[in-house]
Amino acid sequence: EGTAGGAKKKKKKKSRPRHKVKDPSKPITIPPLSRERSEYQKKICSALLTSLSISTLLRCHVIVNGKGKLSVGMEILPHCANDSKSNDSKMGFIVSGMFSQSKGYYHGVGFVSSKQLIGQFIEGGNGCFALYREIDGSRDVGMRIRVWDKLKDISLTGFIKLL
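Owing to the predicted nature of the structure, the values given are computational and were not obtained by experimental measurement.

Topic: the nonpolar core
So, point 1. Counting residues in each nonpolar core, the largest one holds 15 residues, and the members touching the most others are V62, I76 and I160.
So, point 2. Counting only elements with at least two residues in this core, the list comes to strand 2 (57–64), strand 7 (139–149) and strand 8 (154–162).
So, point 3. The contact partners of I160, leaving out residues within four places of it in the chain, are C60, H61, V62, M91, V112, L117, G142, M143 and I145.

Structure, rendered in structure tokens:
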């Protein structure tokens, strides 16, 4: 009951088990927009697409989901497109890629066509976009993509965000 000094022993409380923590480096799908907001977004993108007279290239950060290695010259394709690897669906290309020891995944830099990107906003709908969580806790919204190597016929899934 008591100790030599007269103080009572405190019972240790059992701690509750922790809840499962999701992998912070995996993208999570963003909930779909309402029908009205989706239609409004499509109208804005269509107007922007028709106003572009010259297709510009936009620099983007490419992140590989899971296993896979980025190499120079790989094609960036929309994730939501058919499995056809035609030039019509090609959005851009990879210019560099490397493995990050601190982040634990392959990533690199690529260029995408502004017309193709806006076209994917119109055609792809909500399923192409994801909320990506970095290991440091920051959050970014980007587009799900596929990266294809013509020579090796290897297809990877990934995520791009504009730089």
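Overview of the pairing of strand 3 (residues 75–78)
So, point 1. What you see with strand 3 is no split at all: E75 and L77 on one side and I76 and P78 on the other are buried throughout.
So, point 2. Across two bridges, the pairing between strand 3 and strand 4 (residues 92–100) is antiparallel. Paired with E75 across the two strands is F93, which belongs to strand 4.

Focus on the side chain of S100
So, point 1. Inspection of the secondary structure puts S100 in strand 4.
So, point 2. At a separation of 3.3 Å, a polar atom in the side chain of S100 contacts the side chain of S102.
So, point 3. Ignoring sequence-local partners within four residues, the contact set of S100 consists of Y105 and H107.

Structural notes on the packing of aromatic side chains
So, point 1. Inspection of every chain in the model, using the stated rule, returns two aromatic pairs.
So, point 2. The interplanar angle of 35 degrees and the centroid separation of 6.1 Å between the aromatic rings of F93 and F111 together place this pair among those described as tilted. Remark: F111 occurs in strand 5 (residues 105–113) and F93 occurs in strand 4; sequence separation between them is 18 residues.
So, point 3. Given the relative accessible area of 30%, F93 is considered partly exposed.
So, point 4. The class of F111 is partly exposed, set by a relative accessible area of 25%.
So, point 5. Aromatic side chains F99 and Y106 sit 5.3 Å apart centroid to centroid with 65 degrees between the ring planes, which places their arrangement in the edge-to-face category.
So, point 6. On the basis of relative accessible area, F99 is assigned to the partly exposed category, the value being 38%.

Side note on the pairing of strand 2
So, point 1. Looking at chain direction, strand 2 and strand 5 are connected through seven bridges and run antiparallel. When the bridges of strand 5 are listed, I63 appears paired with H107.
So, point 2. Pairing analysis gives five bridges linking strand 2 to strand 8, with the strands arranged antiparallel. Within strand 8, the residue paired with V64 across the bridge is G158.

Calculation notes
- Residues numbered from 1 in each chain as written.
- Predicted model: local features only at pLDDT ≥ 70, side-chain atom pairs only at ≥ 80, totals over all residues.
- Heavy atoms only, no water.
- Core = buried A, V, L, I, M, F, W, Y, C linked by side-chain atoms within 4.5 Å.
- Buried < 20%, exposed > 50% of the residue type's maximum accessible area, 1.4 Å probe, protein only.
- Helix = DSSP H or I, 4+ residues; strand = E, 2+ residues; numbered from the N terminus.
- Contact = heavy atoms within 4.5 Å.
- Pairing = 2+ DSSP bridges.
- Polar contact = N/O pair within 3.5 Å; in protein donor to acceptor, adjacent residues only side chain to side chain.
- Phe/Tyr/Trp six-rings, centres within 6.5 Å; stacked < 30°, edge-to-face > 60°.

Purely geometric numbers; function is a separate question.
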